[in-house]
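Listed here are the chains, written in short residue letters.
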Amino acid sequence: MEQAPELLAPVGNRRHLEMAIAYGADAVYAGPPRYSLRVRNNSFRDAEALAEAIRYTHAHGRRFYLVLNIAPHNDKIRSALRDLEPLIATGPDALIMSDPGLIMLVREHWPDMPIHLSVQANAVNWATLEFWRRQGLERVILSRELSLDEIEAMRGQVPGMELEVFVHGALCMAYSGRCLLSGYMNHRDANQGACTNACRWSYTPQASTHDSSGDLIPLHQEDGERSMLVEEAGRPGESVPMHEDEHGTYIMNSKDLRAVQHVERLCRMGVDSLKIEGRTKSPYYVARTVQVYRRAIDDAMAGRAFDRTLMDELEALSNRGYTEGFLRRHPPAEYQRYEAGTSLLGTRQWVGEVIAREGDWLCIEAKNRFECGDWLELMTPSGNHWFQPTTLLSERDHQTVPSAPGSGHRVWLQAPVADVLPATALLIRSVV
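Remember, it's a predicted structure, so these values are computed and weren't measured experimentally. (Residues numbered from 1 in each chain as written. Predicted model: local features only at pLDDT ≥ 70, side-chain atom pairs only at ≥ 80, totals over all residues. Heavy atoms only, no water.)

Trainee: Would you take a moment to explain helix H4 (residues 100-109) for this structure?
Mentor: Residues spaced three or four apart along an α-helix face the same direction, because each turn holds 3.6 residues. Of the residues making up H4, those classed as buried are Leu 102, Ile 103, Leu 105 and Val 106. The buried residues of H4 occupy one face: seen down the axis, they fall within an arc of 165°. Among the exposed residues of H4, those pointing more than 90 degrees away from its buried face are Pro 100 and Glu 108. Residues of H4 that are buried sit in contact with strand S3 (63-68), helix H3 (74-88), strand S4 (94-97), strand S5 (115-117) and helix H5 (126-134). (Buried < 20%, exposed > 50% of the residue type's maximum accessible area, 1.4 Å probe, protein only. Helix = DSSP H or I, 4+ residues; strand = E, 2+ residues; numbered from the N terminus. Arc of directions from axis to C-beta. Contact = heavy atoms within 4.5 Å.)

Structure, rendered in structure tokens:
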């Protein structure tokens, strides 16, 4: 292994960016809502916000990739060059794009701007890599539907193309995220960045029959022959047909990808970038995933054996159950979570941020409830430390309090170690 792969982290706001850089990301990616498939929870809404983020990233010696991977219809193509000009002027290190037409227009107007092909373009074979190499692209983000062996073969057949692989985060039930379910059910198009995750809602079966037009309609229990409709909890009275095959009836509730156990092989085969999904997740999620994958990469490059406790660290996060995805072949049950549509809470809960320090005392802005005697983890870029606070003081008058009730409260506690820096230290509670 000659060179370590880049660790690429998701950022949906400035706090994500600070955490990603503090905990060891080599590069980050973000984009404007209109062009980057992330309408919700995205604070990079204009060129000014992006320019500030890029300046911060470059000041720390890291790279910033601008996501422009929308599937644009004609109305967006008409305004694309006008809209993109101030964004590209902010100085990103590369653009992440998927649409060939938009790629063509950008290359004509900004021929020197590096372009990375988005996962939305579904690159699944070496010939696709060679095609895009001939178009002048520098990197391809490979489809999630590839095995480790396929990735290794593609690396060997087109050595001149950089490869990026997703190693962690949510998986879509559709092929590389090209899903129509959200658009069909509530007119929010996932391919325009407005996915509502309709595949993961809670549904209730209903008895049904066919009307004179052949459409399924709800049926009362006593009305005879029944087929299947489902009703989502938040939309009473709006039923959707659900068909059953020999395997049963189910909604597409994919588990989350976790490939930290394969980092060593990905490093060995020469993958150029390992990518974490999660631009709409919490700052804690960004910090924890970056910290874990940073350690995995560093261990692999140093020739150290894989530390299985890294998998436990990721169990600490809220998740839908984990899968290796398509990296190794598994039966369908390994990909889907049939039991429930909700996330597992994880073994730990983010309960606060360190916002100030006075001597040996840390001021904590609470995010969730914690108490004296709880087992807490002080998570910092330099390492994590477990302790049980014996004293909590209120921020206002420094009087002893039994707990921090939750969001909106601030308390002081004694630091378990020296040299804790505010702004990048998080407080985590064990919930096991």
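So much for the structure itself; the text now carries on.
Trainee: Sorry, what's going on with the sheet that holds strand S20 (residues 392-394) here?
Mentor: Across a sheet, paired strands are connected by hydrogen bonds in the backbone, their directions being either parallel or antiparallel. Read across the open sheet, the eight strands follow the order S19-S18-S24-S15-S16-S23-S20-S21; overall the sheet is antiparallel. Where the open sheet ends on each side, the last strands, each with one partner, are strand S19 (383-387) and strand S21 (400-401). As judged from the four bridges shared by strand S18 (residues 376-380) and strand S24 (residues 426-430), these two strands associate in the antiparallel manner. Paired with Leu 378 across the two strands is Leu 427, which belongs to S24. Against the sheet, helix H9 (residues 283-301) touches strand S15 (348-358), S18, S19 and S24, its axis set at about 70° to S18. (Pairing = 2+ DSSP bridges. Axes fitted to C-alpha atoms, helices over the stretch in contact; angles between N-to-C directions.)

Trainee: Explain the confidence of the model for the chain here, please?
Mentor: Should the pLDDT be low somewhere, the predicted coordinates at that spot are not to be read in detail. Residues with a pLDDT of 70 or more make up 81% of the chain, whose mean pLDDT is 87. The model gives residues 221-226 a pLDDT under 50, and that stretch makes eight contacts with residues more than four places away or in other chains. A low-confidence stretch, residues 244-250 (pLDDT under 50), is modelled with five contacts involving residues beyond four sequence positions or located in other chains. (pLDDT = per-residue confidence, 0-100.)

Trainee: Quick question: what am I supposed to make of helix H6 (residues 148-157) here?
Mentor: Every buried residue of H6 is listed here: Leu 148, Ile 151, Met 154 and Arg 155. Down the axis of H6, the smallest arc covering the buried residues is 125°, so these residues share one side. Opposite the packed face of H6, turned more than 90 degrees from it, sit the exposed residues Asp 149 and Gly 156. Along its buried surface, H6 packs onto H5, strand S7 (162-169) and helix H8 (263-269).

Trainee: It is not clear to me how the pairing of S4 should be interpreted in this structure. Could you clarify?
Mentor: A two-sided burial pattern is seen for S4, the buried positions comprising Ala 94 and Ile 96 on one face and Leu 95 and Met 97 on the other. In this fold, the crossover linking S3 to S4 by way of H3 has right-handed handedness. With three bridges connecting them, S4 and S5 associate as parallel partners. Bridge pairing in S5 links Met 97 to Leu 117. Handedness of the crossover joining S4 and S5 through H4 is recorded here as right-handed. (Right-handed = clockwise from strand over helix to strand, strands pointing away.)

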